[in-house]
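# Analysis of the macromolecular model
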Amino acid sequence: LANARPAAGSTEQKARQMMVYNALKAAGFNDFLSKVFTGIIGRENDYSDAMYHVHVDAENRKINLGLISWQGDRGIRLRSFLKQRGLMVDDLNMKKSVEAINAQAVFMYWELTDPKSTEKRKDIMALTGGSIPNAVEFIETVFVRPHEDNTRGYARQKVFNYIKMLEQQLGQNTSTTQAML
């Protein structure tokens, strides 16, 4: 499946970014985590159509699904979660809708707050502010890993660029992210 990518900084990409941010906020993530995860999700898929279907990771050849490219058992659980809500069109594709993005944000929240979740994952939910680079590094260590063979500096820079774009859309001072660039 092709992953149609909106042009960088385009109106479409910004609209999708805001849809992701709003979904995270509605799912229960605080503002700080919503911004950080929105940046990480941008790094994962550039807010492309990959947010809505199964795709094969070009680097590790694993099957991924959705916003944060869930793999393995996590991807299977997400697919089941979406099917129960009538959000899967077939085994490979979600409905291309706000509801599908909202459901994925709820699933992420559940993964981090489930009593069976690891303590480190639960610790993510305690992040309410502070250093964005430290938060990104912690989250990428225990929850959403960038490709092993990807240059971590490049992947991290993409996250920061997306957080800066979000802060600009929100009319917030980007001095925090400016220091990261």
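See above for the structure.
Residues numbered from 1 in each chain as written. Predicted model: local features only at pLDDT ≥ 70, side-chain atom pairs only at ≥ 80, totals over all residues. Heavy atoms only, no water.

The helix and strand tally for the protein stands at eight helices and two strands. For the protein, the N- to C-terminal ordering of α and β elements is α-α-β-β-α-α-α-α-α-α. For the protein, with 181 residues in total, the buried portion stands at 50%. Considering only contacts within the protein whose residues lie at least 6 apart along the sequence, 60% involve residues at least 24 apart. Per element, the accessible surface of the protein, about 8,700 Å² overall, is 51% carbon and sulfur. (Helix = DSSP H or I, 4+ residues; strand = E, 2+ residues; numbered from the N terminus. Buried < 20%, exposed > 50% of the residue type's maximum accessible area, 1.4 Å probe, protein only. Contact = heavy atoms within 4.5 Å. Areas by Shrake-Rupley, 256 points an atom, 1.4 Å probe, with all protein chains shown as cover.)

Right, let's talk about helix α6 (residues 132-142) for a bit. Those residues of α6 not exposed but buried are Ile-132, Ala-135, Val-136, Ile-139, Glu-140 and Val-142. One side-chain oxygen at the N-terminal end of α6 lies 3.0 Å from the backbone nitrogen of Asn-134; it belongs to Ser-131. (Polar contact = N/O pair within 3.5 Å; in protein donor to acceptor, adjacent residues only side chain to side chain.)

So, about the packing of helix α1 (residues 11-27) against helix α4 (residues 98-113). Direction vectors running N to C along α1 and α4 enclose 45 degrees, while the axes themselves pass 8 Å from each other. Judged by the inter-axis angle, α1 sits oblique to α4. When you trace α1 past α4, the crossing you get is right-handed. When α1 is examined against α4, the residues Met-19, Val-20, Ala-23, Leu-24 and Ala-27 are found in contact with a partner set consisting of Val-98, Ile-101, Asn-102, Ala-105, Val-106, Met-108 and Tyr-109. Tallied by class, the residues present in the contact of α1 with α4 amount to eleven nonpolar, one polar and no charged. (Axes fitted to C-alpha atoms, helices over the stretch in contact; angles between N-to-C directions. Parallel < 35°, antiparallel > 145°, perpendicular 65-115°, else oblique. Left-handed = near helix turned anticlockwise from the far one by under 90°. Nonpolar A, V, L, I, M, F, W, Y, C, P; charged D, E, K, R; others polar.)

Right, let's talk about the nonpolar core for a bit. In this structure, Phe-29, Phe-37, Met-108 and Phe-143 are the most contacted members of the largest nonpolar core, which totals 47 residues. Of all the secondary-structure elements, those providing two or more residues to this core are α1, α2 (31-45), α3 (72-84), α4, α6 and α7 (152-169). When sequence neighbours within four positions are dropped, the list of residues in contact with Met-108 reads Leu-24, Phe-29, Phe-37, Ile-41, Ile-68, Trp-70 and Phe-143. (Core = buried A, V, L, I, M, F, W, Y, C linked by side-chain atoms within 4.5 Å.)

Turning our eyes to something else, we now look at the packing of aromatic side chains. Aromatic ring pairs are defined here through the distance separating the ring centres and the angle between the ring planes. Evaluation of the coordinates by the stated rule reveals seven aromatic pairs. Where Phe-29 meets Tyr-109, the ring centres are 5.3 Å apart and the plane angle is 90 degrees; that geometry is what we call edge-to-face. One end of the pair, Phe-29, is in the loop between α1 and α2; the other, Tyr-109, is in helix α4, and 80 residues separate them in sequence. Cation over ring: Arg-74 sits above Phe-143, and NZ or CZ is 4.8 Å from the ring centre. We note Arg-85 situated over the ring of Phe-81; from NZ or CZ to the ring centre the distance is 3.5 Å. (Phe/Tyr/Trp six-rings, centres within 6.5 Å; stacked < 30°, edge-to-face > 60°. Lys NZ or Arg CZ within 6 Å of the ring centre and 35° of its normal.)

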